[in-house]
Amino acid sequence: MTTTYLQAIEKASSYDAAELKKGIDALFRTLQIEKDLRPGMRVLLKPNLLGDYNTYFSVTTNPAVVAAVADWLSAHGITDVTVADSPGGSACRMPGFNFADFYENAGYSFLAQRGVRLNTDSGWRSVPAPKGCVLKDYNILNVIADADYIINMPKLKTHNKTVISFGVKNLFGCVPDIQKPAFHARYPRIADFANMLVELAMTVKPALTVIDAVEIMEHNGPVAGEKRQLGMLFAAKDVFSQDAFLAQLLGVDEEKTDLLRIARGKGLVRAAQVMSGTFKPNETVAPLKLPDIFTVNSLPEKVVSLLHMAADKAGELLFTQTPCINNKACARCLRCLHSCPAGAIADNGSSLEIDTRKCIHCLCCSEVCTHRAIRIKTEIKKRRKPT
Ligand code: SF4
Ligand code: SF4
């Protein structure tokens, strides 16, 4: 492996189609993507489609960026293009779910008129992970496992479990929706979950990662955070190194993100050779506001961060993240109740209640709540009395 990788950056001040086209053209020219492709290839675009959120909230990859990539592919002779993701919280199994409404609500339907296939197949198969220490194989959506060329297309966000949600975290959506909560239950320690995510990304091996950072989400992402205009597009063929580069650019302490610490520990992070027509080498950006994961009672952030690390090293789970429903903001759609794998949410007629004894802290309920009525609180783990 060479010691550097190519990091392409272009500015895009809005989701205007002409501006995005210019940006994607420049990114792909820098990375010489044309050389990687051949006629007849099945290309898979993997955006962040955590739910059918209105694009206004900046939760999902903006469909205009997906359209710009699809148009570039079409202009370069690639006609077999599919968009696929597993929404959060077993959304596909909820009563009344249908993909046509899902894509319509998420603003993706128009892509079908441009010849892009919008995946409706939840079938999956096991893919070997030869270098896996956590698992020796991963269950991955068929449409992703069968693709010849995977373009990973995350939205740049913060995440209340993994701190950042860039390229590596976005690939968790390759796992079938119904199986995702089981991973949260199996790996409650963030370091174990992050290790699994790194190995999953090594298994999926995206050929390219194009990041929608025109509008990003910071603070309490991935759903209830704050939208911020960053005005940038990023692309690289090395998903691990790009995540590390972005963290550095956005002032995220690598020690706070198990994903980066583990990827670096496995020797997966290289130095960036930045190439850009619009971003100057000495330009800086304001730091990313991180989630309240490091806010526990009145303890200083530095102390919580050190306790997190010490507990992880000792294999302990010191903190848990507990969802809290704001019944005033709740629209009583019952999506959270139907997607809770532990049956921990009850409808008592006038409000919804979470039974904290049953909760496995998977956070699926907060991911499916398009009304953003569920907040996550980090707490010191209570010891359960033996029964
Ligand atoms: S908390 Fe959110 S997902 Fe649950 S019922 Fe209310 S609006 Fe729906
Ligand atoms: S209530 Fe707990 S177990 Fe149920 S979806 Fe929410 S976090 Fe997961």
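Residue positions are given per chain, counted from 1 along the sequence in the order it is written. Numbering of ligands from 1 and lettering of chains from A proceed in the order in which they are written. Only residues with pLDDT of at least 70 are given local features in this predicted model, and only at 80 or more are side-chain atom pairs given and counted; all residues enter the totals for whole chains, interfaces and linings. In computing side-chain values, all of the structure's heavy atoms are included and hydrogens and water are not.

1. Observations concerning the side chain of Lys180
Then step 1. A run of H or I in DSSP counts as a helix once it spans at least four residues, and a run of E counts as a strand once it spans at least two, with each numbered from the N terminus. Summarising the element assignment, Lys180 is placed in helix 6 (residues 180–186).
Then step 2. Burial classes: relative accessible area under 20% of the type maximum marks a residue as buried, over 50% as exposed, and values in between as partly exposed (1.4 Å probe, protein chains only). Charge assignment in this entry is limited to Lys and Arg as positive and Asp and Glu as negative, and neither His nor the chain termini are counted. Note on definitions: salt bridges are taken to be side-chain nitrogens of Lys or Arg within 4 Å of carboxyl oxygens of Asp or Glu. One buried charged residue, Lys180, forms no salt bridge at all, with the nearest opposite charge on Glu367 at 5.4 Å.
Then step 3. By the convention used here, residues are in contact when the closest approach between their heavy atoms is within 4.5 Å. Once you skip the residues sitting within four places of it in the chain, Lys180 turns out to touch Ser86, Pro87, Gly88, Phe172, Gly173 and Val175.

2. A short note on empty space enclosed by the protein
Then step 1. Here a cavity is any set of points on a 1 Å grid over the protein atoms alone where a 1.4 Å probe fits but cannot get out, and a pocket is any open set with protein on both sides within 12 Å along at least 5 of 7 lines; a residue lines the site when it has an atom within 4 Å of a point. Grid points are joined across faces, edges and corners, and a volume is the space filled by probe spheres set on the points. Within this structure, the stated rule accounts for 5 cavities of 30 Å³ or more.
Then step 2. Its boundaries defined by the atoms lining it, the largest cavity holds a volume of some 150 Å³.
Then step 3. In terms of lining, the largest cavity is formed by 15 residues, of which the most central are Asn48, Leu50, Lys169, Gly173 and Lys180.
Then step 4. Secondary-structure elements contributing two or more residues to the lining of the largest cavity are strand 8 (155–159) and helix 5 (167–170).
Then step 5. Residues are grouped as follows: Ala, Val, Leu, Ile, Met, Phe, Trp, Tyr, Cys and Pro are nonpolar; Asp, Glu, Lys and Arg are charged; all remaining types, including Gly, are polar. Here the residues of the lining of the largest cavity sort into 3 nonpolar, 6 polar and 6 charged.

3. Overview of the domain arrangement of the protein
Then step 1. The domain boundaries here were taken from an automatic or database domain assignment. Looking at the assigned domains, one finds that the protein contains domain 1 (4–276) and domain 2 (292–380).
Then step 2. The C-alpha centroid of domain 2 is placed 24 Å from the C-alpha centroid of domain 1.
Then step 3. Across the contact, 28 residues belong to domain 1 and 30 residues belong to domain 2.
Then step 4. In this assembly, domain 1 packs against domain 2 so that about 2,600 Å² is buried in total across both faces, 55% of it on carbon and sulfur atoms.
Then step 5. Summed over both partners, the accessible area (1.4 Å probe) lost when two parts come together is defined as the buried area. Interface area lost by domain 1 to domain 2 is led by Asn160, Arg189 and Lys256, which between them contribute 22%.
Then step 6. Run the count over domain 1 and domain 2 and you get 1 salt bridge.

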